[in-house]
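# Structural overview for review
These are the residues of each chain, in order.
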Amino acid sequence: MKSQKISSGRPGLDEILIGGFVPHSTNLLRGGPGVGKTTFGLHFLIQGIQQKEKCLFITLGESVSNIKRNAAQLGLDIGGIEFLDLSPEPEFFSKVETYDIFTPAEVEREPTTHKIVEVIDKLKPARVFLDAITQFKFLAVDNFQFRKQALSFLHYLQTHKATVLFTTEASQLAPDDDLQFMADAVLNLEFSNHSRTLRVSKFRGSDYIQGFHGYRIMQGGIEVHPNLVPPLSMGKIATQQLRFGIPELDQQLHGGIESATINIITGHSGVGKTTLCLQLATQAAKDGFNSILYTFEEEAHMMASRCKTLKMKTGEALENKLLSIKKVEPLLYSADEFAHMVREDVKKENVSLVIIDSIAGYKISLHDTDIVKKMHALCKFLQNNGITVVLINEIDNITGDFKITDEGLSYLADNIIFIRFLELKGELTKAIGVLKKRTGSAESTMRRLWMESGGIHIGEPLTQLRGILRGIPEWTDNDKNDE
Amino acid sequence: MMNKKALLVDKNPVNTDLLGQALEKNHFSCTAANTYARLDEELENLQEYDIVLMDVAGFDPAIWDRCKKIHFGKTPFLILSVNPGPALQKYSISSGASGVVKKPVILNELLAIVNSMIDDG
């Protein structure tokens, strides 16, 4: 029988640890200054208090008053946590209470050990957070003694049925490799390239989600955003079509786009990609489906105003809460945070259609990480949960050879709809076509697209033109002769 | 078992406290002198002491005169120093010290030296 895991106090971390820490295990939280080790520890203890467990915080560095003040600033309620303060008192400095006659190991190890044993025996805590165990190094005469003492201390806590989370303050001069060997689990916290990441490198007795997971320290504490792992199969998902509500376009798509597909709408800037997606969401609302559009660039009110000008019924969908437009500032979010937000939204609002506007905006939030990998995980996660995904992609080059995306994401798409500018008899116009439809058939010809106050209009198939994808179409020979 | 008496001389009272506590656990009775005034007072009763442990850090060169006085009083004494360089060793030995021990000291080693000095004395 598997024993129940011990919650870390952070749902995202529990997800990474497949339920939490192993009971009565020793878990190392390592990372540089400011990565949130103490805050993670407080969450671990707060969770215990909420479960009516006895929790002990042993501090060897930061004073209890500082810890309490910082917790209050973050809005964390740490009432009920017992503290054992082994940090130096202020009098140590003011009274010049320093000594050099003996080593600290000779003087302080015994009283420190005595204090810890006394508290553990009295309190019998279920959870212990020790910040930071590397301070014990100064109480040992050499590395061998330190390793022996640390190991025996961790065993002592385990035999007292405590689940232990402890931190290290590793540096090049004082590495913590030995402690990584001792711990049952090792969680690495890092702060680099504008984002904080958490990685599990060891977890005895349990599976875990591998890779770098984002997290954020904010008011209320830490929020962990695990990497999305798409379910392996889609299960039973009803296939139905989502219509644009523009008869000619739906005809081009032979009915519409199938649900639970990944779609790319690609085209030049200003060609009408977002408006077309809003039309899809408006029609989805009419058909009873919920949609969310995440915009990295344009403001929601500008989109709504444009739809109103085009006499689209988008306003009604927004009022009826069948469509939400969420502005996302890419510089404030990491890819994992964005994925976490999308996942929470679709769960809460029972969403059928997710539109991401655009791939370029999403890329900014990635801060140099692999866009294909992250986008793949997010899209497949949504798709495998029965949600239709539309990615809006902007093509840089106005003229020249046609390119679907600049990011190599076309493999991901079940359907690709493209819109492009073209010059026809000296006039700039737009054409729309279906380049790929994995889940069914579609019209192979392009049609003229125009938007005016009356709405979005699609013309008859442009069967007499060739070279549309180059942007400079020519009449076919027969039609030239007719002309 | 009769307690042995040690005079502990150090500018830093934390050092004399710690050393005193450690020696007292090992059958010593200790008196601390953290100033010249206190040291001079105790030197009047030097014959009461079995050993003097002297940390010269923080004292001026007049401390070597006190060392000579202890030597002439035939009480064995040790110099304790964080940095026992050749000059300090020379002054210590020429002032009559039995030896120089580097700080921080290891209690068991210090006890072994002190006990053997008292036994030899």
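Remember, it's a predicted structure, so these values are computed and weren't measured experimentally.

## Examining the overall build of chain A
Across its full length, chain A holds 15 helices and 22 strands. Among the 483 residues that make up chain A, the fraction classed as buried is 51%. Considering only contacts in chain A between residues 6 or more positions apart, those separated by 24 or more positions represent 69%. A total accessible area of about 22,900 Å² is found for chain A, and carbon and sulfur atoms account for 52% of it.

## Some remarks on the overall build of chain B
The helix and strand inventory of chain B stands at 5 helices and 5 strands. In chain B, the succession of α and β elements from N to C terminus is β-α-β-α-β-α-β-α-β-α. Relative to its length of 121 residues, chain B is compact, with a C-alpha radius of gyration of 13 Å against a globular reference of 14 Å. Each of the three principal axes of chain B carries a C-alpha extent, and together these read 40 × 30 × 30 Å. Of all 121 residues assigned to chain B, the portion counted as buried reaches 48%. Pairs at least 24 apart in sequence give 60% of the contacts found in chain B among residues at least 6 apart. Split by element, the accessible area of chain B, about 6,200 Å² in all, is 53% carbon and sulfur.

## Let's talk about the domain arrangement of chain A
All names here are of chain A. Per the domain assignment, the segments making up chain A are domain 1 (11-225) and domain 2 (241-475). Computed over C-alpha atoms only, the centres of domain 1 and domain 2 are separated by 48 Å. At the junction of the two partners, domain 1 supplies 11 residues and domain 2 supplies 9 residues. Surface buried jointly by domain 1 and domain 2 totals about 700 Å² across both partners, of which 45% is contributed by carbon and sulfur atoms.

## So, the environment of A:Met312
Residue and element names in this part refer to chain A. The topology assignment puts methionine 312 in the loop between helix H10 (300-309) and helix H11 (314-319). Of the residues examined, methionine 312 reaches a relative accessible area of 10% and is grouped as buried. Residues methionine 312 and serine 453, spaced 141 residues apart in sequence, show a C-alpha to C-alpha distance of 9.4 Å.

## A word on the confidence of the model for chain B
Scored by pLDDT, chain B has a mean of 92; 98% of the residues are at 70 or more. Two numbers describe this predicted complex: its pTM, 0.73, and its ipTM, 0.83.

## Some points on the sheet that holds strand S2 (residues 28-33) of chain B
Residue and element names in this part refer to chain B. Read from one edge to the other, the open sheet built from 5 strands follows the order S2-S1-S3-S4-S5, with strand pairing classed as parallel. Every interior strand has two partners, whereas the edge strands, S2 and strand S5 (99-102), have only one. Taken pair by pair, the neighbouring strands of this sheet meet at an average axis angle of 25 degrees, ignoring direction. Judged from the 4 bridges that link them, strand S4 (residues 77-81) and S5 form a sheet pairing that is parallel. Residue pairing in the sheet places leucine 78 in a bridge with glycine 99 of S5.

Thresholds, definitions, all that
Residues numbered from 1 in each chain as written. Chains lettered and ligands numbered in written order. Predicted model: local features only at pLDDT ≥ 70, side-chain atom pairs only at ≥ 80, totals over all residues. Heavy atoms only, no water. Helix = DSSP H or I, 4+ residues; strand = E, 2+ residues; numbered from the N terminus. Buried < 20%, exposed > 50% of the residue type's maximum accessible area, 1.4 Å probe, protein only. Contact = heavy atoms within 4.5 Å. Areas by Shrake-Rupley, 256 points an atom, 1.4 Å probe, with all protein chains shown as cover. Rg over C-alpha atoms; globule rule 2.2 N^0.38 Å. Domains from an automatic or database assignment. Buried area = accessible area lost by both parts, 1.4 Å probe. pLDDT = per-residue confidence, 0-100. Pairing = 2+ DSSP bridges. Axes fitted to C-alpha atoms, helices over the stretch in contact; angles between N-to-C directions.

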